[in-house]
Each structure stands twice: as C-alpha cells, then as structure tokens.
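# Structure at a glance
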Amino acid sequence: MSDRLPPLNALRAFDAAARHMSFTKAADELHVTPAALSLQIKSLEEHLEKPLFHRLNRAVELTEVGRALAPEIGTAFRTMTTAWRTARRRNNNATLSITAGPSFTAKWLAPRIYNFSQSHPDIDLRFFATLRLLDLELDEIDVAIRFGYGPTDNSFSLPLAFEWVTPVMTPTLAEQFPTAQDLVHAPLIIDESIDFLDPPCDWHAWFQIVGIDFRPEHGPRFSQADHAVDAALAGVGVTLGRRACVVKDIDEGRLVAPYNVALETKAKYRFICASGSENRSHIVAFREWILTEIEKLRHVSDGLTIVPADHVVHS
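Bear in mind that the values here come from a model prediction, so they are computed numbers and not experimental data.

## Topic: the packing of helix 1 (residues 8–20) against helix 3 (residues 34–48)
- At a minimum axis separation of 8 Å, helix 1 and helix 3 run at an interaxial angle of 110°. Accordingly, the angle class assigned to the pair helix 1 and helix 3 is roughly perpendicular. Packed against helix 1, whose contacting residues are Asn-9, Ala-10, Leu-11, Ala-13, Phe-14 and Ala-17, the element helix 3 presents Leu-37, Gln-40, Ile-41, Ser-43 and Leu-44 at the interface.
- Here the residues of the contact of helix 1 with helix 3 sort into eight nonpolar, three polar and no charged.

What follows is the structure, encoded as structure tokens:
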C-alpha cells in the first residue's frame, strides 16, 4: 500500500462524517449530495484498503481503523483552518478586531473611538465587548485589552497605565460630604468587579489608608464597573472609581474625586496581540493612539496621592 496521501476532498468528507456520525449531515455541511459524499468516503476506503464505517440501517459507526484515523484528521483540518485564518488576517490591514471588557469598552473606548476613526478612516473597527477570554487565532482577534496581573501565554503584551481606585461622585454630592470622615454617612456604591484584586482595593481598604476603620455593609452592588460609574453619575451615591473608567468624567467635571487619595493595584490593563503581529501597521496605529490618549489625561493621576494597595495594614 502506497504512503501517497489520498485526495483532500475525500479526507474532508471523512472528517465531516466522523464528526456528525451521519452521511446526510456531513453532506449538508459540505454542500454536496449524500451520494457524492458516500463516493468520496468509498474512494478513501479503497485507497486505505480498509472500511472506515459500518453502514447500518439508519446510521453509521466508525470501524476500529476509522476510530484511529478520525482524531488525527480532525486535528489536521483544524490546524489548517487556523493557519489559513491567520495568514488571511495578517494580510488584511483594513480591519481591526478588538476585544475588551464591557466596562473598558463603554467608558474608555466608546467615548474616544471617533477620534481614532477620523485619523484612520482606512481602518474598519470591530469590537467584541466581553469578559470571556477569546482566542486570538481561533476567534480572529487582532487586539485584546485585558485587566489583570499579567499575560498567561506567549502573546505580545504591553502594560498600559497603572491603575488606581478613588471615591468619585457628582459635584453636588461632594458638597454634602466634604471630608473622608463624612463619607462614612454617604450612600456608597459597591463595585464587585474589583473583588478579585489582591491585595484588596475595596472600600474597607480605602478607608484604612485615610485612617478610618469602616467597612460598608449596605449599598447598591454592581458586577460591572461601568454600571457603578453610571449610578454615581446619576447621583445615586459614591463609588470607588477605577482610573480607566472615570478619568474622562473627572477631567470634564461630571465627577469629582474630592479626597485626592487613591489606592493603587498591581493589576493593569494590557494591550495584547499575537506574537509577531505587534508591528503590523494597523495594530501599531491603534497601540500608539491608545498610549497618546492615556497621556492626555495623566494630569488627573498627578493630582492624587496614590498609595500602593500592598501598603495597607488591614484591621
């Protein structure tokens, strides 16, 4: 028996039939008739000189040889598909696919993206706002912006600005609670999206750094940072605002940070892309734009006394 590979179409027909355990469903996937698919598999069996399926009355089953072949053929087709997608995407500098968390998308990207589009009208942007960690290759993502403690793979990863939290509220509400001690009596909004931070950057930790032993137990709780900020903007109460989500509102006066003390976390936003793609022209353009936008509002951070979270002594 020759080691010469059989026709690719025959292998594709086998892969589809082995996944569906149905010639009819496999034919539908490949847009051919069941008879044509059956002929492809028959030619493969003749090439191999062994049956790959048991043909039953209304079903098919893999033979021992078929069971040995199916996983490897499936892996090969997935590898080829991934390689083709990667090659096609890296040849396309007209579309930039970006994934980021819903809060960063709503509070940082969306209010600024008009400026990028005006400066780069030749780049079409596609956004995927999700906390699910998408696969850069399989999900055809060019750039991921993620908040956390660091990369977990070999992707290109660039830390962006350091991240802090500080109490923010409307100017009207700030008049009612002029000191940090007064804040103990204020309606406090709890942002549960930062609960994973270690050391903690919650209300109790912030009160500790200003010398107040207070742990709020009541108040509206939000699982998304942007929802907590929106509640603060509506005058519902005071929230611990994350830098990325509140600097624009602070700079433009919709929110104020009256106590000038912030708690810094070691977690950072990171600009992530597939290793080797960081120098593609549209990714470079987007990265440089983000860094420029961050720099524009650096003065908001400069006006704060920033205390690292690991300096907090918890009681």
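From this point, things continue past the structure.
## Quick look at the environment of Tyr-149
- By the element assignment, Tyr-149 lies in the loop between strand 5 (143–148) and strand 6 (156–168).
- As a C-alpha pair, Tyr-149 and His-120 span 29 residues in sequence and 31 Å in three-dimensional space.
- Residue contacts for Tyr-149: discarding those within four places in its chain leaves Phe-196, Leu-197, Asp-198, Thr-265, Lys-266, Ala-267 and Arg-270.
- Side-chain polar atoms of Tyr-149 contact the backbone nitrogen of Asp-198, separated by 2.7 Å.

## Here's the deal with the nonpolar core
- Grouped together as the largest cluster of nonpolar side chains are 51 residues, with contacts concentrated most on Ile-145, Leu-183, Trp-203, Trp-206, Phe-286 and Ile-290.
- When near neighbours in sequence (up to four residues on either side) are disregarded, Leu-183 contacts Pro-167, Met-169, Leu-188, Trp-203, Trp-206, Phe-207, Val-238 and Tyr-259.
- One finds Ala-10, Ala-13, Phe-14 and Leu-37 within the second-largest nonpolar core, a separate group that totals 20 residues.

## Looking at helix 2 (residues 23–30)
- Listed in full, the buried residues belonging to helix 2 are Phe-23, Ala-26 and Ala-27. For helix 2, the buried positions fall inside an angular range of 100° around the axis, keeping them on one side. The exposed residues of helix 2 that point more than 90 degrees off its buried face are Lys-25 and Asp-28.
- Next to the buried residues of helix 2 lie helix 1, helix 3, strand 1 (53–55) and strand 2 (60–62).
- Capping the start of helix 2, Ser-22 holds a side-chain oxygen 3.3 Å from the backbone nitrogen of Thr-24, two or three residues further along.
- At the exit of helix 2 stands His-31, carrying a positive phi of roughly 60°.

## Remarks on the packing of helix 5 (residues 102–119) against helix 9 (residues 243–251)
- For the pair helix 5 and helix 9, interaxial distance at closest approach is 8 Å and the crossing angle is 40°. Taken together, the axes of helix 5 and helix 9 are oblique relative to one another. Our pair here, helix 5 against helix 9, has a crossing hand that is left-handed. Contacts from Ser-103, Phe-104, Lys-107, Trp-108, Pro-111 and Arg-112 of helix 5 reach helix 9 at Ala-244, Cys-245, Val-247 and Lys-248.
- Here the residues of the contact of helix 5 with helix 9 sort into six nonpolar, one polar and three charged.

## Thoughts on the pairing of strand 5
- With six of its six residues buried, strand 5 lies for the most part within the structure.
- Of the two faces of strand 5, the one lined by Val-143, Ile-145 and Phe-147 and the one lined by Ala-144, Arg-146 and Gly-148 are each fully buried.
- In this structure, strand 5 lies alongside strand 10 (residues 261–273), joined through five bridges in antiparallel fashion. From the neighbouring strand, Phe-147 faces strand 10, where its bridge partner is Tyr-269.

## Focus: helix 3
- When the terminal C-alpha atoms of helix 3 are compared, their 21 Å separation across 15 residues agrees well with the 21 Å that a helix rising 1.5 Å per residue should span.
- Here helix 3 has its buried residues at Leu-37, Ile-41, Leu-44 and Glu-45. Summarising the axial view, the buried residues of helix 3 lie within an arc of 100°, below the 170-degree limit, and thus occupy one face. Those residues of helix 3 that are exposed and angled more than 90 degrees off the buried face are Ala-35, Leu-39 and Glu-46.
- The secondary structure elements touched by the buried residues of helix 3 are helix 1, helix 2 and strand 1.
- Looking one or two residues beyond helix 3, the residue adopting positive phi is Glu-49, at roughly 65°.

Parameters and conventions
Residues numbered from 1 in each chain as written. Predicted model: local features only at pLDDT ≥ 70, side-chain atom pairs only at ≥ 80, totals over all residues. Heavy atoms only, no water. Axes fitted to C-alpha atoms, helices over the stretch in contact; angles between N-to-C directions. Helix = DSSP H or I, 4+ residues; strand = E, 2+ residues; numbered from the N terminus. Parallel < 35°, antiparallel > 145°, perpendicular 65-115°, else oblique. Contact = heavy atoms within 4.5 Å. Nonpolar A, V, L, I, M, F, W, Y, C, P; charged D, E, K, R; others polar. Polar contact = N/O pair within 3.5 Å; in protein donor to acceptor, adjacent residues only side chain to side chain. Core = buried A, V, L, I, M, F, W, Y, C linked by side-chain atoms within 4.5 Å. Buried < 20%, exposed > 50% of the residue type's maximum accessible area, 1.4 Å probe, protein only. Arc of directions from axis to C-beta. Left-handed = near helix turned anticlockwise from the far one by under 90°. Pairing = 2+ DSSP bridges. Expected span 1.5 Å × (residues − 1).

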